[in-house]
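# Structural overview
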Amino acid sequence: AFEATLAYTRERHAFGKPLASFQNTKFKLAECATQIMAGDVWWCSLAGSFIARIDRSTGDSIVVEPPTKGQGARRVWSDSRGRIWVSEWNSGQLSVHDPAARTPAQAWRAWKLPGPDPRCYAVYVDERDIVWASDFGGNAVWRFDPPSEKFERFGFAREATSIRQILGRPGEVWLPESGTEHISGPVETTPPEAIEVGEPKSSAEVLRSRPLVDLVQ
């Protein structure tokens, strides 16, 4: 569609000039190109410990290996800047890859989830570019603020909640508990007053939940 639009603006004339020569048209074309580049498809492999981008022109996958060997990439999610956030199961890390980085050293960053034995499974980025990650080892969900690099913990009253996927919509995050047949939420994406890293909150304070069977009746 972008190629067809570009060809049209070059062929169509106004005031004796191609539409493509006008500044406003150039701005619109640049906006379209940015949106297309932001639509890249990424996936990850737990067994292979890598993430990959699909080349839509060939269908091939371009593999990108995180710097931590055998990290066990489990889920990926993009933020508004096109950076790819990765939950690393084996390493217990939350990492981020910037495809637009100028050097390999700038392409990756990683943070270990707090706690003695973290197992990072699901990852989600909300509309404010705040990152959410589930932790099987700590039976919790962590909210991570990239600018401050601080974690905030959301705990559960039930054991072994096993959050395998995190989803949301503007203003809300929802947490399906595959281990308990409950769904918790909505958690407001506007952060409350900051708490110390690793300080737990009870489920009653921060999470509302109902059995899944109640939600579908």
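Residues numbered from 1 in each chain as written. Predicted model: local features only at pLDDT ≥ 70, side-chain atom pairs only at ≥ 80, totals over all residues. Heavy atoms only, no water.

## Let's talk about empty space enclosed by the protein
Let me state the cut-off plainly: Whether a set of points on the 1 Å grid over the protein atoms alone is a cavity depends on a 1.4 Å probe fitting there but being unable to get out, while an open set qualifies as a pocket with protein on both sides within 12 Å along at least five of seven lines; lining residues are those with an atom within 4 Å of a point. Grid points are joined across faces, edges and corners, and a volume is the space filled by probe spheres set on the points. All residues other than Ala, Val, Leu, Ile, Met, Phe, Trp, Tyr, Cys, Pro, Asp, Glu, Lys and Arg, Gly among them, are scored as polar; the first ten of these are nonpolar and the last four charged.
Within the structure shown, the criterion is met by one cavity of 30 Å³ or more. Estimated volume of the largest cavity: approximately 40 Å³. As for the largest cavity, its lining consists of Ser134, Asp135, Phe136, Asn139, Ala140, Thr161, Ser162 and Ile163. Classifying every residue of the lining of the largest cavity by side-chain character gives three nonpolar, four polar and one charged.

## Digging into the nonpolar core
Just so we agree on the cut-off: Grouping buried Ala, Val, Leu, Ile, Met, Phe, Trp, Tyr and Cys residues that are joined through side-chain atoms within 4.5 Å yields what is termed a nonpolar core. Only protein chains enter the accessibility calculation, which uses a 1.4 Å probe; a residue whose area is less than 20% of its type maximum is buried, one above 50% is exposed, and one in between is partly exposed. Under the DSSP-based scheme used, a helix requires at least four consecutive residues in state H or I and a strand at least two consecutive residues in state E, with every element numbered from the N terminus.
Counting residues in each nonpolar core, the largest one holds 14 residues, and the members touching the most others are Trp85, Leu94, Trp111, Leu113, Val131, Phe144 and Phe151. Elements with a contribution of two residues or more to this core: strand S8 (93-97), strand S10 (120-125), strand S11 (131-135) and strand S12 (140-145). By size, the runner-up hydrophobic cluster in this structure holds 12 residues, among which are Ala122, Val141, Phe154 and Val187.

## With respect to the pattern of salt bridges
Test applied: What counts as a salt bridge is simple: a side-chain nitrogen of Lys or Arg found within 4 Å of a carboxyl oxygen of Asp or Glu.
Summed over all chains, the structure comprises eight salt bridges. Across the pair arginine 143 and glutamate 152 runs a salt bridge whose closest N-O atoms are separated by 2.9 Å. There is no split in this pair, since arginine 143 and glutamate 152 are both buried. Residue arginine 158 pairs with glutamate 177 through a salt bridge whose shortest N-O separation is 2.7 Å. Remark: glutamate 177 occurs in strand S15 (residues 172-177) and arginine 158 occurs in the loop between strand S13 (150-155) and strand S14 (167-169); sequence separation between them is 19 residues.

## Some words on the sheet that holds strand S3 (residues 42-45)
Heads up, the rule is: When DSSP finds at least two bridges between two strands, those strands are taken to pair. Helix axes are fitted to C-alpha atoms over the stretch in contact, other axes to C-alpha atoms as well, and angles between N-to-C directions run from 0 to 180 degrees.
The antiparallel open sheet is built from three strands, whose spatial order is S3-S4-S5. Only two strands of the sheet have a single partner each, and these edge strands are S3 and strand S5 (61-64). Between one strand axis and the next, the sheet turns by 30° as a mean value, whatever way the strands run. Strand direction decides the pairing type here: strand S4 (residues 50-54) and S5, joined by four bridges, are antiparallel. Residue pairing in the sheet places isoleucine 54 in a bridge with serine 61 of S5.

## Focus on the environment of glycine 171
Stated formally: Residues count as neighbours in contact if any of their non-hydrogen atoms are within 4.5 Å of one another.
Relative to the helices and strands, glycine 171 resides in the loop between S14 and S15. Through-space distance from the C-alpha of glycine 171 to that of threonine 189 is 5.1 Å; in sequence the pair is 18 residues apart. In this structure, glycine 171 is in contact with Glu127, Val187, Glu188 and Thr189, ignoring residues within four places of it in sequence.

Interpretation in functional terms is not warranted from these geometric data alone.
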